[in-house]
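Structural overview
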Amino acid sequence: MRTQDGKPIVAISNGDPSGIGPEIALKAMASEEVRRAAAPIIVGSPEVYERDLKLAGAPLEIRLLASPSEATGAPGTVEILPFDRLDLSQCPRGEVSAEAGRYSGASIAHAISLGMAGEAHAVVVSPNNKRAMKDGGHEHTGFEEISRHYTGAGRSIQILMGRKYNLARVTNHVPLRQVADICTRERVLTQIRVLKDSLAMVGLPDPVIGVSGLNPHNGEHGLMGTEEMTDIGPACDDARAEGIKVIGPIPADTVFVDIDKLGLDIVLSMYHDHGNSGIKILEFGHLVNFIGGLPIPVFTVSHGTAFDIAGKGIAGSTNMELSIIAAAKSMRAL
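Residues numbered from 1 in each chain as written. Predicted model: local features only at pLDDT ≥ 70, side-chain atom pairs only at ≥ 80, totals over all residues. Heavy atoms only, no water.

Labelled according to an unreviewed UniProt entry, the protein appears under the name 4-hydroxythreonine-4-phosphate dehydrogenase, originating from Ancylobacter novellus.

1. Section: the sheet that holds strand β9 (residues 245-250)
Here is the rule we go by: Pairing between strands is defined by DSSP: at least two bridges between the two strands are required. For the purposes of this entry, the term helix denotes a DSSP run of H or I that reaches at least four residues, the term strand denotes a run of E that reaches at least two, and both are numbered from the N terminus. Throughout, an axis means a line fitted to C-alpha atoms (over the contacting stretch in the case of helices), and angles, computed between N-to-C directions, take values from 0 to 180 degrees.
In space, the twelve strands of this open sheet follow the order β3-β4-β2-β1-β5-β12-β11-β6-β7-β10-β8-β9, with mixed pairing throughout. Each of the sheet's edge strands pairs with one partner strand only, and the pair in question is β3 (61-64) and β9. Across the sheet, the mean angle from the axis of one strand to that of its neighbour is 30°, orientation sign disregarded. Pairing geometry for strand β7 (residues 166-169) and strand β10 (residues 266-269), over three bridges, is parallel.

2. Here's the deal with the layout of surface pockets
It is a probe the size of a water molecule, rolled over the atoms, that shows where empty space is left. Going by this rule: Of the grid points, spaced at 1 Å and generated over the protein atoms alone, those admitting a 1.4 Å probe that cannot get out make up cavities, while open sets with protein on both sides within 12 Å along at least five of seven lines make up pockets; any residue with an atom within 4 Å of a point is treated as lining. Grid points are joined across faces, edges and corners, and a volume is the space filled by probe spheres set on the points. Three classes are used: nonpolar for Ala, Val, Leu, Ile, Met, Phe, Trp, Tyr, Cys and Pro, charged for Asp, Glu, Lys and Arg, and polar for all others, with Gly counted as polar. The domain limits used here are those given by an automatic or database domain assignment.
Taken as a whole, the largest pocket spans an internal volume of roughly 500 Å³. Along its surface, the largest pocket is lined by 27 residues, and K130, F143, Q158, H173 and N289 are the ones closest to its centre. Elements with a minimum of two residues in the lining of the largest pocket: α5 (130-135), α6 (143-151), β6 (157-161), α10 (272-283) and β12 (298-301). Classifying every residue of the lining of the largest pocket by side-chain character gives eight nonpolar, 14 polar and five charged. Looking at the lining of the largest pocket, you find at least three residues from each of domain 1 (9-153 + 294-329) and domain 2 (157-283).

3. Examining unusual backbone geometry
Stated precisely, the cut-off is as follows: Partly exposed describes any residue whose relative accessible area lies between the buried limit of under 20% and the exposed limit of over 50%, with all areas from a 1.4 Å probe on protein chains only and scaled to the type maximum.
Note that the residue after G248, namely P249, is joined by a cis bond; omega there is 5°. Structurally, P249 is set in strand β9. The phi angle at E220 is positive, at roughly 50°, despite the residue not being glycine. For E220, the position within the fold is in the loop between β8 (208-212) and α9 (227-241). The partly exposed category is assigned to E220, whose relative accessible area is 31%. We note that A306 has phi near 45°; this positive angle belongs to a residue other than glycine. Counting through the fold element by element, A306 comes out in the loop between β12 and α11 (318-329).

4. Regarding the pairing of strand β5 (residues 122-125)
Burial along β5 is two-sided: the residues A122 and V124 and V123 and V125 are all buried. Looking at chain direction, strand β1 (residues 9-13) and β5 are connected through three bridges and run parallel. Of the residues in β5, the one forming a bridge with A11 is V123. The pairing of β5 with β12 spans three bridges and is classified as parallel. Note on β12: the bridge partner recorded for V125 is T300.

5. Comments concerning the packing of aromatic side chains
Applied cut-off: Geometry of aromatic contacts follows a simple scheme: Phe, Tyr and Trp rings, the Trp one being its six-membered ring, pair when their centres are within 6.5 Å, and the pair is stacked under 30 degrees between planes, edge-to-face over 60, tilted otherwise.
The final tally for this structure, using the stated rule, is two aromatic pairs. Judged by centre distance (5.1 Å) and plane angle (25°), the rings of F83 and Y103 are stacked. Residue F83 is found in the loop between β4 (77-82) and α4 (98-116), and its partner Y103 is found in helix α4; the two are separated by 20 residues along the sequence.

6. Concerning the side chain of N319
Let me state the cut-off plainly: Whenever two N or O atoms come within 3.5 Å, that pair is a polar contact, provided that in protein one can donate a hydrogen and the other can accept it, and provided that, for residues adjacent in sequence, both atoms are side-chain atoms. Between two residues, a contact is recorded if the distance between any of their heavy atoms is within 4.5 Å.
For N319, the location among the structural elements is in helix α11. The class for N319 is buried, based on a relative accessible area of 9%. Among the polar contacts made by the side chain of N319, one reaches the main-chain carbonyl oxygen of L287 at a distance of 3.2 Å. At 2.9 Å, the side chain of N319 forms a polar contact with the side chain of S302. N319 has contacts with G285, H286, L287, V288, V301, S302 and H303, leaving out every residue within four places of it along the chain.

7. A short note on the nonpolar core
Basically, it comes down to this: Put simply, a nonpolar core is a bunch of buried Ala, Val, Leu, Ile, Met, Phe, Trp, Tyr and Cys residues held in one set by side-chain atoms that sit within 4.5 Å of each other.
Within the largest apolar cluster, 86 residues are counted, with the highest numbers of intra-cluster contacts made by I159, I192, L195, I209, V211 and L268. Counting contributing residues per domain, this core is built from domain 1 (9-153 + 294-329) and domain 2 (157-283), each supplying no fewer than three. With residues near it in sequence (within four places) discarded, L195 still touches I157, I159, A168, I209, I266 and L268.

Shown next as structure tokens:
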């Protein structure tokens, strides 16, 4: 899983060929910081990267690999591990395509299989389109769900990591009206446990976890909701009894304001938009997604395929670069 000079091999999925994934991966290959940290290899289509090579903004040469063990991480190269065949004519730029979805999903599965086999240290998933993947025959289309499926993990948690501040959520992509029913004592405690164990893979073996409330003013002793008293608070007590450093529940409208004062390593929010709004105010443009609870490190950028700017050469690669560097620095559970 390392090159001869000791660089960790990071497998990067192809991404949707109709979007900006290949462009930002190429731009990341030209980054000196990325090259110092890792030996990134693309698990994907040489034709896609040859098409987009001019978008990199730097001289790069494509080098095809027969196996990850041939990776060198040499500057100025784009090392690609080809697999399967992609009909690029069926993948128009900026449009949803079943062929693009089929191939990008298969690339994720192949990249994860390399990680599971110990041929890659970690995996970075390039941006994919959920509709395209569904049309392309993939049952699991979400980043977290497909990663959990192909690693065989029973549970997982999505973690947004910034330069200083970090976030995880008890619920993810569910309707707001369902959130309170999902945030049971058992569910909150399970997510605290998975979060605590997962953070060890990214260098936080004993984190301080700030658990946010759900209702206004933490429910105001039941006047505005009871979940803090019946589920969230008891789950925090259970976690503390197990020796996990938990502070909470903290009122949702002040948890991000007090993150430094309370010495929190991460906030565990109850639902998507509350948590994401706070962390993006603090860390917009510097976030990477890490899926905790898996046996191998799996990361992705915190943005989508950006079909509207695909092929224009203006997509920023900061998130991809940060994801590759974070993947290289992570530790494995296997």
